[in-house]
Amino acid sequence: MKQDAGLYVHIPFCDHKCIYCDFYSIIKDDNKTIYLKNLLNEINHFSSIYSTFHQFKTIYFGGGTPSLMEPEYLGSIISHLKSKFQISEDAEITMETNPGTVSFDKLKRFREQGINRISIGIQSFDKKDLKFLTRIHTGEAAVQTVHDAYEAGFRDISIDLIFNLPGQTKRKWKKNLEIATSLPVTHISAYSLILEKGTILNKMVLKGEVEMQDVEIDSQLYEITMDFLAEKGFEHYEVSNYCKPGYECKHNQIYWDCLNYLSFGTSAHSYMDGKRWWNFSALTIYNTAVMNKDYAIAGSEELTQHDLYEEYIMLGLRSRGLKFKRGEKNPGLLGIGSEAWYMERKQIINQLVAAGKMVIDGDWLKLTRDGFLVCDEIVERLL
Ligand code: SF4
């Protein structure tokens, strides 16, 4: 039987650099023609190794800002992937975009190229927040992009929001959630602002130009998010992700289920059968490597059974939970959820269930709303 897997394509071009961003992105796109040629060659290389035993369920265009490309640019990559890999008829094909970079007509053309899910980097609808984050769009443009996407035929629309921005009050954050849920969106990713090393924001904080809010406010905003979105019919299916029933992101679920995925382009990370590798980040190095060798691997690692065990527990608890069946001798990956595994942790699990932080739901051991608040701590205890 073929294994389920996903495909990721990185488009590194952006029209500016946001202060909080640590993704690899570049502002000039005059290399995009040669980049496309190299992406297609890289796809050829890996398809000759991995096409036989996998059924690919998803394609995800991330960045960068993939929507800066012409729709036909992404369309040609989709056609090439379809000619090289076994891709499900009903595959989820996502493109990340940013308000202010796409018109209604362009969105329609992306839809015509087969993209059926869109992820819009809105971050906030508030003017001051957007200025602080150095985003180029306004709140009105963000609302318009969601409506345009819907009118263009997208029925699976995700938006990204960021909370715990400096000076952000509970009232202001709730206003963002109210606007978000008034729109035809099926999925919301809400992340707390994280200070990443090497970003402009990090330097500003180190120089004392910006003060981050404390963890107490962060928790309060997170609680507001969980409660508000639950009231509006969104299921909390991963620590930072919420969806209308049936609209989970299938691509991210592949990562969280520790399934295989192949990725192409600068800084792309792949994981196949216990081996992980990653590409060069710099565009010129990536281009040269693919031109010489048909691939651009910068580093790789074999995951040990112990690494896999830790990842499975961590990613499982952050999302759909751990498969768990009392009395089973050896179910699940690496024995997780077996009787022996349970007996070793019985006391901790019972304490967490009694404290309302975990629940046993059918065959699954899951975090509750209160458990998500202390997710990292619970993962530590179960490891
Ligand atoms: S648009 Fe997205 S990828 Fe580009 S710099 Fe801003 S946050 Fe980073």
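**Some remarks on the overall build of the chain**
Along the backbone of the chain there are 14 helices and 15 strands. The C-alpha radius of gyration of the chain comes to 21 Å, within 12% of the 21 Å expected for a compact globule of 383 residues. The principal-axis extent of the C-alpha atoms belonging to the chain is close to 60 × 50 × 45 Å. Counting only residues that meet the buried cut, the chain has 51% of its 383 residues in that class. When contacts within the chain are restricted to residue pairs at least 6 apart in sequence, those whose partners lie at least 24 apart make up 70%.

**Description of the nonpolar core**
Ranked by internal contacts, the top residues of the largest apolar core, which has 92 residues, are I11, L74, I77, L81, I159, L262 and F264. Split by domain, the residues of this core number at least three in each of domain 1 (3-256) and domain 2 (322-382). Apart from residues lying up to four places away in sequence, I11 is in contact with Y35, L39, F61, G62, G63, G64, T65, P66, M69, Y73, L74 and I77. Among the nonpolar cores identified, the runner-up in size contains ten residues, and Y20, L133, L193 and V210 belong to it.

**Regarding the site of the ligand**
Surveying the vicinity of the ligand reveals the residues C14, H16, K17, C18, Y20, C21, S25, G64, T65, N98 and R135. When its residues are assigned to classes, the shell around the ligand shows four nonpolar, five polar and two charged.

**Here we look at the pairing of strand 4 (residues 117-123)**
Of all seven residues making up strand 4, seven are buried, and the element is well covered by its neighbours. With burial as the criterion, each face of strand 4 is covered, one bearing R117, S119, G121 and Q123 and the other bearing I118, I120 and I122. Inspection of the sheet shows strand 4 paired to strand 5 (residues 157-163) by five bridges, in the parallel sense. What sits directly across from Q123, in strand 5, is L161.

**Considerations on the pattern of salt bridges**
Overall, the coordinates contain 17 salt bridges when judged by the stated rule. For E311, the salt bridge is made with R276, and the minimal N-O distance between the two is 2.9 Å. Of this pair, E311 sits in helix 11 (residues 305-318) while R276 sits in strand 11 (residues 275-279), placing them 35 residues apart in sequence. Of the residues examined, R276 reaches a relative accessible area of 15% and is grouped as buried. Between D361 and K366 there is a salt bridge; the shortest N-O distance is 3.2 Å. A residue is classified by how much of its surface remains accessible, and D361, at 42% relative accessible area, is partly exposed.

**Looking at the domain arrangement of the chain**
Entries for the chain in the domain assignment read domain 1 (3-256) and domain 2 (322-382). Here the C-alpha centroids of domain 1 and domain 2 sit 31 Å apart. Contacts between the two partners involve eight residues from domain 1, matched on the other side by four residues from domain 2. Together domain 1 and domain 2 conceal approximately 560 Å² of surface at their shared face, both sides included; 67% is due to carbon and sulfur atoms. Considering only the side of domain 1, the residues that lose the most area to domain 2 are E223, M226 and V239, jointly responsible for 54% of the buried surface there. On inspection of domain 1 and its partner domain 2, the count reaches two salt bridges. Here D227 and R369 are joined by a salt bridge, their closest N and O atoms 2.7 Å apart. Our enumeration of links across domain 1 and domain 2 arrives at two residue pairs in polar contact (both at pLDDT 80 or more). No other element matches helix 8 (residues 215-231), which puts five residues into the side of domain 1 that touches domain 2.

**Some points on the packing of aromatic side chains**
Within the structure shown, the criterion is met by 13 aromatic pairs. Taken together, a centroid distance of 6.3 Å and an interplanar angle of 10 degrees make the contact between F163 and Y222 stacked. Here F163 is found in strand 5, whereas its partner Y222 is found in helix 8, with 59 residues between them in sequence. The same class applies to F163 as to Y222, namely buried. Ring-pair connections join several aromatic residues into one group, and the members of that group are F46, Y50, F56, F85, F264 and W277. Cation over ring: R111 sits above F154, and NZ or CZ is 5.9 Å from the ring centre. The ring of Y150 has R155 sitting right over it, with the charged end atom 3.7 Å from the ring centre.

Here is what the cut-offs are and how they apply
- Residues numbered from 1 in each chain as written.
- Predicted model: local features only at pLDDT ≥ 70, side-chain atom pairs only at ≥ 80, totals over all residues.
- Heavy atoms only, no water.
- Helix = DSSP H or I, 4+ residues; strand = E, 2+ residues; numbered from the N terminus.
- Rg over C-alpha atoms; globule rule 2.2 N^0.38 Å.
- Buried < 20%, exposed > 50% of the residue type's maximum accessible area, 1.4 Å probe, protein only.
- Contact = heavy atoms within 4.5 Å.
- Core = buried A, V, L, I, M, F, W, Y, C linked by side-chain atoms within 4.5 Å.
- Domains from an automatic or database assignment.
- Near = heavy atom within 4 Å.
- Nonpolar A, V, L, I, M, F, W, Y, C, P; charged D, E, K, R; others polar.
- Pairing = 2+ DSSP bridges.
- Salt bridge = Lys/Arg side-chain N within 4 Å of Asp/Glu carboxyl O.
- Buried area = accessible area lost by both parts, 1.4 Å probe.
- Polar contact = N/O pair within 3.5 Å; in protein donor to acceptor, adjacent residues only side chain to side chain.
- Phe/Tyr/Trp six-rings, centres within 6.5 Å; stacked < 30°, edge-to-face > 60°.
- Lys NZ or Arg CZ within 6 Å of the ring centre and 35° of its normal.

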